[in-house]
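Listed below are the residues making up each chain.
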Amino acid sequence: MIYVLVAVNVLLLVTGQVLWKIGIGNAGSLKGVLMSLISPYVISGIIIYAIATVLWLYILANGKFSIVYPLQSTAYAVGVFVAWLIFKETIPITRWIGVVLIFAGASLIALR
């Protein structure tokens with residue numbers, strides 16, 4: 001069950017980041033970034049991050065830190081998939097290899 005909760009937490013974190021990225025748009029200046037704080041996307045991302053934080057506290061209270069904390073690294077790998085699928089970023093092969101290594105490492109950590 002704890003693995004499912006970590007997976008949900010990872011998805012919440014990535015979703016929050018995606019909403020922030022969409023909400024901030026191409027704001028290149030500090031003023032633009034500050035103005036984007038009122039974007040519905042940014043506000044939604046903050047709410048999702050708050051939910052993820054509460055869930056993370058529950059996970060920390062009930063899981064082994066040496067397992068759950070490293071499993072959070074899968075958020076980085078999921079982020080690469082999202083960048084490719086949603087933002088149409090070009091992902092070099094070295095980055096895909098890194099994604100595979102992250103998932104391989106997480107799988108090893110999850111073994112008992």
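In what follows, the structure referred to is the one given above.
I will try to describe carefully the structure that is included in this document.

The rules behind each value
Residues numbered from 1 in each chain as written. Predicted model: local features only at pLDDT ≥ 70, side-chain atom pairs only at ≥ 80, totals over all residues. Heavy atoms only, no water. Phe/Tyr/Trp six-rings, centres within 6.5 Å; stacked < 30°, edge-to-face > 60°. Helix = DSSP H or I, 4+ residues; strand = E, 2+ residues; numbered from the N terminus. Buried < 20%, exposed > 50% of the residue type's maximum accessible area, 1.4 Å probe, protein only. Contact = heavy atoms within 4.5 Å. Axes fitted to C-alpha atoms, helices over the stretch in contact; angles between N-to-C directions. Left-handed = near helix turned anticlockwise from the far one by under 90°. 1 Å grid on protein atoms, 1.4 Å probe; cavity = no way out; pocket = protein on both sides within 12 Å on 5 of 7 lines; lining within 4 Å. Points joined across faces, edges and corners; volume = space filled by probe spheres on them. Nonpolar A, V, L, I, M, F, W, Y, C, P; charged D, E, K, R; others polar.

Considerations on the packing of aromatic side chains
Okay, so step 1: In this structure the tally under the stated criterion is five aromatic pairs.
Okay, so step 2: The interplanar angle of 35° and the centroid separation of 4.5 Å between the aromatic rings of W20 and Y49 together place this pair among those described as tilted. Residue W20 is located in helix α1 (residues 2–24), and its partner Y49 is located in helix α3 (residues 40–62); the two are separated by 29 residues in the primary sequence.
Okay, so step 3: Of the residues examined, W20 reaches a relative accessible area of 25% and is grouped as partly exposed.
Okay, so step 4: Among the residues examined, Y49 registers a relative accessible area of 24% and is labelled partly exposed.
Okay, so step 5: Where W56 meets Y69, the ring centres are 6.5 Å apart and the plane angle is 45°; that geometry is what we call tilted. Of this pair, W56 sits in helix α3 while Y69 is found in helix α4 (residues 65–71), placing the two residues 13 residues apart along the sequence.
Okay, so step 6: Judged by its relative accessible area of 15%, W56 is buried.

Considerations on the side chain of N9
Okay, so step 1: Turning to its location among the elements, N9 is positioned in helix α1.
Okay, so step 2: Classification of N9 by relative accessible area gives buried; the value is 1%.
Okay, so step 3: Once you skip the residues sitting within four places of it in the chain, N9 turns out to touch A52, L55, W56, I59 and Q72.

A few points about the packing of helix α5 (residues 74–85) against helix α6 (residues 93–110)
Okay, so step 1: Axis separation between α5 and α6 bottoms out at 9 Å; the angle between their running directions is 145°. When the axes of α5 and α6 are compared, the crossing they make is left-handed. On the side of α5, the interface is formed by T74, Y76, A77, V78, V80, F81 and W84, while α6 contributes R95, W96, V99, I102, F103 and A106.

Considering the layout of surface pockets
Okay, so step 1: Its boundaries defined by the atoms lining it, the largest pocket holds a volume of some 360 Å³.
Okay, so step 2: The set of elements that each furnish at least two residues to the lining of the largest pocket consists of α1, α3, α4 and α5.
Okay, so step 3: Split into classes, the residues belonging to the lining of the largest pocket amount to twelve nonpolar, four polar and two charged.
Okay, so step 4: Of the pockets and cavities examined, the second largest pocket occupies roughly 180 Å³.
Okay, so step 5: Lining of the second largest pocket is provided by Y3, V6, A7, V10, L11, L71, T74, V78, F103, A106, S107 and A110.
Okay, so step 6: Put simply, the parts of the chain that give the lining of the second largest pocket at least two residues each are α1, α5 and α6.
Okay, so step 7: With five residues, α1 is the largest single contributor of residues to the lining of the second largest pocket.

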